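Residues per chain, in single letters:
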Amino acid sequence: MGVDQRHIYLVTSAIGGALGGLAACLLILQYDVHPFIGNTFGPLIFMICVLGGLGDMIGGFVAAFLMSQIIAIGGYYFSTELSYVFAFTFFIVLMFVRPHGVLSR
Amino acid sequence: MTARHAMLAILLAALAAVPQVVPPYFMHLLIQILLWGFVYTSWSIMGRFGFVSLGHGAFMGVGAYVPALLWNYFGVTPWIGIPLGISLAVVLALVIGYPCFRLKVVGHYFALVTLALGQVVMLSIVAARDVTGGSLGFTPKAVGYSWFALQFPQKVYFYVIALALWFGGLAVWYWVDRGIGREALDAISEDEEAAATIGINVIREKLRVTVISAALTALGGAIYGQYMMYLNPETVSGIAVSLQIVFAAIVGGTYTALGPTVGALLTISLNEGLRVAFGTNFIGAANTVYGVLLVLFIIFMPRGIVGMIEDATKRGWRSKPL
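Residues numbered from 1 in each chain as written. Chains lettered and ligands numbered in written order. Predicted model: local features only at pLDDT ≥ 70, side-chain atom pairs only at ≥ 80, totals over all residues. Heavy atoms only, no water.

> What is the right way to read the interface of chain B and chain A from this model?
How big an interface is tends to be stated in terms of accessible area lost as the parts join. Each partner contributes residues to the interface: chain B has 19 residues there, and chain A has 16 residues. Three residues stand out in chain B for area buried against chain A, namely Tyr-109, Leu-112 and Leu-123 of chain B, and they jointly supply 35% of the buried area on that side. Connecting chain B to chain A are 1 salt bridge. Across the chain B-chain A interface, the total number found is 1 residue pair in polar contact (both at pLDDT 80 or more). Among the elements of the structure, α4 (78–102) and α5 (107–127) of chain B are those that each provide at least two residues to the side of chain B that touches chain A. (Contact = heavy atoms within 4.5 Å. Buried area = accessible area lost by both parts, 1.4 Å probe. Salt bridge = Lys/Arg side-chain N within 4 Å of Asp/Glu carboxyl O. Polar contact = N/O pair within 3.5 Å; in protein donor to acceptor, adjacent residues only side chain to side chain. Helix = DSSP H or I, 4+ residues; strand = E, 2+ residues; numbered from the N terminus.)

Structure follows, in structure tokens:
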């Protein structure tokens, strides 16, 4: 069909990287900067994407909202580590119940 | 055949002579390489069939912490504690594995579920800081030379234990490789649906290999804890360890018996060598070089070092014609 695969991959990964960088800039308004900041968000971001359903933007928003609420509320009532334990357990359970994203049918 | 036997005899003699001639620092490295090689081999037992687990840190953490906790708080000997730790790791593997395989959570999704499992175990250890010491780590009570506590200040004992473990790991690898399950697992990794239609019990085969892999990893974690006499949630479980396992096994070669061991040899000696070479001049430079080398290895040798050597010798060191 005349689609330049390499070009498309390059452009999409460039856009992805740019948006990731922009998101990090915005996060810095609230968090402090340290060399390991990527590690604290990396796995969580990937999980939220899969939880929302890959390529599903609305699902991504819903998943991000759910995960961040679990972490925030769990952190308030218990401890930060336990809230992450809840969030990851929630992710595992939801992967079994809705493997193609929270909003999938 | 006789040449092979002679080579084996020479190898064994060399391995037996090692503690006599090698200085303690290199003994320490060698023990670490053997222990990690064992853990990486355990991972590759399931990794080579395409069940990429990013959560083996969970099994290792459970295997390391359970005997140490039992020893410190109840004085239970590791001879009982280690089997208990392995059992708990196996239960964990079943709890995660069964629904995963039942509901056909495969590929990236399986990797992510196991990644979450690794984080859950690590964060649980950190959260239970009253018992486990949290991020500060945990030190088993030292009693000096003792078979009861499985603690030996001399490195020779752990060298022999690590060597035995490593050989055991390779033996299990061959056992899985030669067993009947091998064909079934190969079929499953190609196409699950097709494998199921020809009468393979997909769930049972997958669970079996997962349980073997998890149990061996837990054993490796336990012995690692006994050797190091210090456990830290970051160094025995969690995402860092899980990824370290996966990277090293892939760099060495996931599909060959010796691949993961070569991965351990390469990653540990590279890490130590760079650390010594750079010293305190460029703190962090060693890790950067290490990371770049890992990326290059994975891009240019997707089948790993041992895999590439095997390919090359089969083709007479010529590159593949297009």
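> Honestly, the packing of helix α2 (residues 37–52) of chain A against helix α4 (residues 80–97) of chain A in this entry has me stumped. Any pointers?
Any two packed helices are characterised by the angle at which their axes cross and by the distance between the axes. Residues and elements named next belong to chain A. Look at α2 against α4: their axes get within 11 Å of each other, and the N-to-C directions meet at 35°. Crossing handedness for the pair α2 and α4: left-handed. Here Leu-44, Met-47, Val-50 and Leu-51 of α2 lie close against α4, whose contacting residues are Tyr-84, Phe-88, Phe-90, Phe-91, Leu-94 and Met-95. Classifying every residue of the contact of α2 with α4 gives 10 nonpolar, no polar and no charged. (Axes fitted to C-alpha atoms, helices over the stretch in contact; angles between N-to-C directions. Left-handed = near helix turned anticlockwise from the far one by under 90°. Nonpolar A, V, L, I, M, F, W, Y, C, P; charged D, E, K, R; others polar.)

> Even after reading the chapter, I still don't get the pattern of salt bridges, so can you show me in this structure?
Two side chains that carry opposite charge are able to pair once their charged atoms sit near each other. This structure, assessed with the given rule, holds 9 salt bridges over all chains. Notably, a salt bridge pairs Arg-129 of chain B with Glu-81 of chain A, separated by 3.1 Å at the nearest N-O pair. Placement of the pair is Arg-129 of chain B in helix α6 (residues 129–132) and Glu-81 of chain A in helix α4, with the two residues belonging to separate chains. A salt bridge links Asp-186 of chain B to Arg-182 of chain B; the shortest N-O distance between them is 3.0 Å. Of this pair, Asp-186 of chain B and Arg-182 of chain B both sit in helix α8 (residues 181–190), 4 residues apart, which is roughly one turn of that helix. We classify Asp-186 of chain B as partly exposed; its relative accessible area is 29%. (Buried < 20%, exposed > 50% of the residue type's maximum accessible area, 1.4 Å probe, protein only.)

> Even after reading the chapter, I still don't get the layout of surface pockets, so can you show me in this structure?
By rolling a water-sized probe across the atoms, one finds the places where empty space is left. Residue and element names in this part refer to chain A. Volume-wise, the second largest pocket comes out at about 1200 Å³. Lining the second largest pocket we find 33 residues, and of these Ala-23, Leu-27, Ile-45, Ile-48 and Ala-64 sit closest to its centre. The residue inventory of the lining of the second largest pocket, partitioned by class, reads 23 nonpolar, 9 polar and 1 charged. (1 Å grid on protein atoms, 1.4 Å probe; cavity = no way out; pocket = protein on both sides within 12 Å on 5 of 7 lines; lining within 4 Å. Points joined across faces, edges and corners; volume = space filled by probe spheres on them.)

> Just checking my understanding: could you explain helix α13 (residues 259–278) of chain B for this structure?
Since one α-helical turn is 3.6 residues long, residues separated by three or four positions face the same way. Given a rise of 1.5 Å per residue, 20 residues ought to cover 28 Å, and the 28 Å separating the end C-alpha atoms of α13 of chain B matches this to within 8%. Backbone geometry just after α13 of chain B places Gly-279 of chain B at a positive phi near 60°. (Expected span 1.5 Å × (residues − 1).)

> Please clarify how the environment of Gly-252 of chain B should be interpreted in this entry.
Residue and element names in this part refer to chain B. On the secondary structure map, Gly-252 appears in helix α12 (residues 239–252). When its relative accessible area of 0% is taken as the criterion, Gly-252 is described as buried. Through-space distance from the C-alpha of Gly-252 to that of Ile-125 is 31 Å; in sequence the pair is 127 residues apart. Discounting residues that sit within four places of it in the chain, Gly-252 has contacts with Gly-259, Gly-263, Gly-304, Ile-305, Val-306 and Gly-307.

> How should empty space enclosed by the protein be read in this particular structure?
Residue and element names in this part refer to chain B. Under the definition given, this model contains 1 cavity of 30 Å³ or more. There is about 50 Å³ of room inside the largest cavity. As for the largest cavity, its lining consists of Met-46, Ser-53, His-56, Phe-59, Ala-93, Ile-96, Gly-97, Phe-110, Thr-114 and Thr-210. Counting only elements with at least two residues in the lining of the largest cavity, the list comes to α3 (56–74), α4 and α5. For the lining of the largest cavity, the element with the most residues is α4, which contributes 3 residues. Here the residues of the lining of the largest cavity sort into 5 nonpolar, 5 polar and no charged.

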